[in-house]
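Letter by letter, the chains look like this.
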Amino acid sequence: MAVLGLIFTATKLAGVLVTITVAANALSFSRYRRKNLRPIRPLIDESSDTLANFDVGAEVQENRFFFGLATAPAHVEDNLNDAWLQFAEERPCGGTESSQGLQEADALMASVSGDGGSHQRKASENEKKRKRKPLKIAMEAMIRGFRKYSEQDEEEEDRDEEENVDCEHNVAAWHNVPHPEERLRFWSNPDTELRLAKDAGVSVFRMGIDWTRIMPTEPKNGKKETVDWAALERYKWIIQRVHHYGMKVMLTLFHHSLPPWAGDYGGWKMEKTVDYFMDFTSLVADSMWELVDYWVTFNEPHVFCMLTYCAGAWPGGNPDVLEVATSALPTGVFRQTMHWMTVAHSKAYDYIHGMSTGMESKVGIAHHVSFTRPYGLFDVPAAVLSNSLTLFPYVDAVSDKLDFIGINYYGQEVISGAGLKLVERDEYSESGRGIYPDGLYRILLQFHERYKHLDLPFIITENGVSDATDLIRRPYLLEHLLAIYAAILEGVRVLGYLFWTISDNWEWADGYGPKFGLVAVDRMNGLARIPRPSYFLFSKVVKSGKVTRQERERAWIELQSAAKEKKTRPFYRAVDKHGLMYAGGLDSPTWRPFIKRDWRFGHYKMDGLEDPISRLSRFILAPLLHKKDNDQMFDEKTLVMQPLEVSL
């Protein structure tokens, strides 16, 4: 009897704990939904012939809205032996790529070092002795999670290679395309991309300077003896070419590309990287300060730190098991690396402003923001943790050293456990980003509310979608512009919009799979460019400054026609049987149907939670909830967004 009584008591206690847990999560989600998921009421008249009218002009003036196009060195520059090329050439199960194309590229790099080409880096002794074998798990997609590793001796690695025929590449869809190391030949021939940008009518061109190309080796004894002065002059000439085509320059100093020599000693985990970065920044600023209109010190710093130092999915991090396990703690590697990038930004900001006597330099960051929501009731804590690490902390830390806040927005992410969920009813880009224009509107209002006391303008420094069919890209472009315009009507000061990107290029660890370009690239035919319909639509919007109802309807009807005809399109993200997306891309795509769901700006109806408890609750309460929603549809006032803050 005593045992039965103990079991009964334990069962009651467990029931109480479960009830409390469910109730706590339900309360948290209720607050989360009230602050972040309420229906929006944009101030746009959808019956008007002109839905948005941006104040554009031939010159970028203080209160004029501008359009631009964005790119980065690692995506487009040839003759560049950076960390990404070395990372792509590596094979986790031993050896390097040995294609004829790469052999020719190595010889080419050596021959062009006089005009700024980079030299091969020798592998360190530690690299020769130990290798890291990735264990594939569905724990992250793009910006969160962890990749687990086991360290092995080379002899063990060789045995594994003999036992396993398949070999996982660090960069997907890279080794199976012709001459991948050429990227877009922007270094040797920048005019191809610049002419496309000019013909599109944009007034701002965003590009970057690769740290490795300027400083090929670690400046242990001072920067002067390690600098490639020819490369510095070449970059200056390219920037002058941008001005020749009538565009202003937005220059990025650090865009996800750490020099290999810095990765060898720990990179942004070490304070000395700040000093080395300042050596690089001073070289660039001293040489080009009068040619640059907008400076971006860091592009998406938290994305780089997560994928490099917490997940080990990008080159230069190599986290061990302890670093992975403790990465999110206050003393973990994530906050450690973010701290030194904060210090580096502040110093770079002061240096650039110190150089720009007689002219006003605008210095900011490009901050990545996704709109996140939980998939199930018990995913609310994970969503809150994600936002607490990525949404505001870095901008908060550098807010007194900013002239503008750059926002990179691609879509929404639905969090399920420690990974990202693919929701079958949602539309996705080829690289696994949920398409959600409302999210950009919500994010802009949230950031405006948080930082309005600073009176800082916003610039959409990146926005785009990977879509080889070009059927999604056209409505994607228009709907996100409507989201920006609606935010402007609400009082948010947005200076400009830069689309990512001009031509299909190397997309980080996803290689050449996802197609982000307004212009297609025929890699079998000398990188010939083929402008897509979205290029001409973008150009029309840029030159007129208007989004019309007719263009919106045409783009949406074409997409929905493809959905009704059950057409399919490529998808480069691996998905497990539970619907969780893997971090790595695919060498060859799977095929996913177009979705009929209405995701246009202001039309997206947010899903409820999808866990069994929530579904059951919705089923039971559906009649009451449906009536209540209909009543609120007409009574609710225009939404005023609040920052994403949830208490558990």
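Keep in mind that what you see is a predicted model, and the values were worked out from it rather than measured.

Thresholds applied
Residues numbered from 1 in each chain as written. Predicted model: local features only at pLDDT ≥ 70, side-chain atom pairs only at ≥ 80, totals over all residues. Heavy atoms only, no water. Helix = DSSP H or I, 4+ residues; strand = E, 2+ residues; numbered from the N terminus. Buried < 20%, exposed > 50% of the residue type's maximum accessible area, 1.4 Å probe, protein only. Contact = heavy atoms within 4.5 Å. Pairing = 2+ DSSP bridges. Axes fitted to C-alpha atoms, helices over the stretch in contact; angles between N-to-C directions. Expected span 1.5 Å × (residues − 1). Arc of directions from axis to C-beta. Parallel < 35°, antiparallel > 145°, perpendicular 65-115°, else oblique. Left-handed = near helix turned anticlockwise from the far one by under 90°. Nonpolar A, V, L, I, M, F, W, Y, C, P; charged D, E, K, R; others polar. Patch = residues over 30% accessible without salt bridge, like charges linked within 9 Å, V, L, I, M, F, W, Y side chains within 5 Å. Areas by Shrake-Rupley, 256 points an atom, 1.4 Å probe, with all protein chains shown as cover. Salt bridge = Lys/Arg side-chain N within 4 Å of Asp/Glu carboxyl O. Right-handed = clockwise from strand over helix to strand, strands pointing away. Core = buried A, V, L, I, M, F, W, Y, C linked by side-chain atoms within 4.5 Å. Phe/Tyr/Trp six-rings, centres within 6.5 Å; stacked < 30°, edge-to-face > 60°.

K.L.:
For this particular structure, what's the right way to read the overall build of the protein chain?
P.N.:
Summing up its helical and strand segments, the protein chain has 21 helices and 19 strands in all. A buried classification covers 58% of the 648 residues belonging to the protein chain. Sequence-distant contacts, at least 24 apart, represent 80% of the contacts inside the protein chain between residues at least 6 apart.

K.L.:
Please explain the sheet that holds strand E2 (residues 66-70) as it appears in this structure.
P.N.:
Sheet strands pair via backbone hydrogen bonds, and the direction of the pair is either parallel or antiparallel. Sheet architecture is closed into a barrel: eight strands sit in the order E2-E5-E6-E7-E8-E10-E13-E14, paired in parallel fashion. Ignoring strand direction, the axes of neighbouring strands in this sheet form an average angle of 25 degrees. Judged from the four bridges that link them, strand E7 (residues 294-299) and strand E8 (residues 362-368) form a sheet pairing that is parallel. When the bridges of E8 are listed, Trp295 appears paired with Val363. Sitting on the sheet, helix H11 (residues 272-288) is in contact with strand E6 (248-254) and E7, with an inclination near 165 degrees to E6.

K.L.:
When you look at helix H20 (residues 549-564) in this model, what are you seeing that I'm missing?
P.N.:
In an α-helix, one full turn covers 3.6 residues, which means residues spaced three or four apart are oriented alike. Here H20 is 16 residues long and its end C-alpha atoms lie 22 Å apart, about the 22 Å a rise of 1.5 Å per residue gives. Of all the residues in H20, the buried ones are Glu551, Arg552, Ala555, Trp556, Leu559, Gln560, Ala562 and Ala563. Each buried residue of H20 sits inside an arc of 155 degrees when the element is viewed along its axis, so together they form one side. In H20, the exposed residues that point more than 90 degrees away from the buried face are Gln550, Ile557 and Lys564.

K.L.:
Is there a simple way to explain the pairing of strand E16 (residues 528-531) in this structure?
P.N.:
In this sheet, E16 lies alongside strand E15 (residues 519-522) in antiparallel orientation, the contact comprising four bridges. Residue pairing for E16: Asp522 is matched across the bridge by Ala528. In this antiparallel pair of consecutive strands, E15 and E16, the connection spans five residues, and Gly526 shows a positive phi of 65 degrees.

K.L.:
Help me understand the packing of helix H18 (residues 473-489) against helix H19 (residues 533-544), please; the structure alone is not making it clear to me.
P.N.:
In a pair of packed helices, the angle between the axes and the distance between the axes together describe the arrangement. Relative orientation of the contacting elements H18 and H19 amounts to 25 degrees, with a least axis distance of 9 Å. Relative to H19, H18 is oriented roughly parallel. In this structure, the crossing between H18 and H19 has a hand that is right-handed. Listed contacts from H19 to Arg473, Arg474, Leu477, Leu478 and Leu481 of H18 are Pro533, Ser534, Leu537, Phe538 and Val541. Looking at the contact of H18 with H19 residue by residue, the class counts come to seven nonpolar, one polar and two charged.

K.L.:
Explanation requested: a nonpolar patch on the surface in the structure shown.
P.N.:
Taken together, Leu616, Phe619, Ile620 and Leu621 make up a surface patch of nonpolar side chains, about 460 Å² in accessible area. Mapped onto the secondary structure, Phe619 falls in helix H21 (residues 612-635).

K.L.:
How do you make sense of the pairing of strand E14 (residues 494-499) when you look at a structure like this?
P.N.:
Consecutive side chains of a regular strand alternate in pointing toward one face of the sheet and then the other. For E14, a buried count of six out of six residues is recorded, marking the element as mostly surrounded by other parts of the structure. Two strands pair when backbone bridges link them, and E2 and E14 are joined in this way by four bridges, in the parallel orientation. In the strand pairing of E14, Leu69 is matched with Phe499. Where strand E13 (residues 458-462) meets E14, three bridges bridge the pair, whose relative direction is parallel. Note that in E14 the partner of Ile460 across the bridge is Tyr497. A crossover connection joins E13 to the parallel E14 through H18; in handedness this β-α-β unit is right-handed.

K.L.:
It is not clear to me how the nonpolar core should be interpreted in this structure. Could you clarify?
P.N.:
Soluble, globular proteins show a tendency: their nonpolar side chains are buried together. Ranked by internal contacts, the top residues of the largest apolar core, which has 164 residues, are Trp268 and Phe538. Per-element accounting of this core gives the leading share, 10 residues, to H18. Sequence-distant contacts of Phe538, that is, excluding residues within four places in its chain, are made with Phe67, Gly68, Leu69, Ala200, Val202, Leu477, Tyr497, Phe499 and Leu518. One finds Tyr375, Leu420, Phe571 and Met581 within the second-largest nonpolar core, a separate group that totals 10 residues.

K.L.:
Sorry, what's going on with the sheet that holds strand E12 (residues 419-420) here?
P.N.:
Taken together, three strands build an open sheet; the order of strands is E9-E11-E12 and the sheet is mixed. Edge positions in the sheet fall to strand E9 (371-374) and E12, since each of these pairs with one other strand and no more.

K.L.:
In this structure, what is going on with the pattern of salt bridges? I would like to understand it.
P.N.:
Oppositely charged side chains may form a pair once their charged atoms are brought near each other. According to the stated counting rule, one finds 36 salt bridges in the structure shown. The residue Arg474 makes a salt bridge to Glu558 at a minimum N-O spacing of 2.6 Å. Highlighted residues: Arg474 in helix H18 and Glu558 in helix H20, separated in sequence by 84 residues. Judged by relative accessible area, which is 31%, Glu558 ranks as partly exposed. Among the salt bridges present, the one from Glu479 reaches Arg552, with a minimum N-O distance of 2.8 Å. With Glu479 in helix H18 and Arg552 in helix H20, this residue pair connects regions lying 73 residues apart in the sequence. A single network of salt bridges, built from pairs that share partners, joins Arg373, Arg425, Asp426, Arg597, Asp607 and Glu610.

K.L.:
Would you take a moment to explain the packing of aromatic side chains for this structure?
P.N.:
To describe a pair of aromatic rings, you give the distance between the ring centres and the angle between the ring planes. All chains considered together, the criterion is met by 42 aromatic pairs. Geometrically, the ring pair formed by Trp174 and Trp506 is tilted, given 5.5 Å between the ring centres and 50 degrees between the ring planes. A residue pair is termed long-range when its members are at least 10 positions apart, and Trp174 in the loop between helix H6 (154-163) and helix H7 (191-200) and Trp506 in the loop between E14 and E15 qualify at 332 residues. Ring centres of Phe392 and Phe447 lie 4.9 Å apart, and the angle between their planes is 50 degrees; this geometry places the pair in the tilted category. With Phe392 in the loop between helix H15 (380-390) and helix H16 (393-398) and Phe447 in helix H17 (residues 437-451), the pair connects residues that are 55 residues apart, well separated along the chain. Like Phe392, the residue Phe447 is buried in the burial classification.

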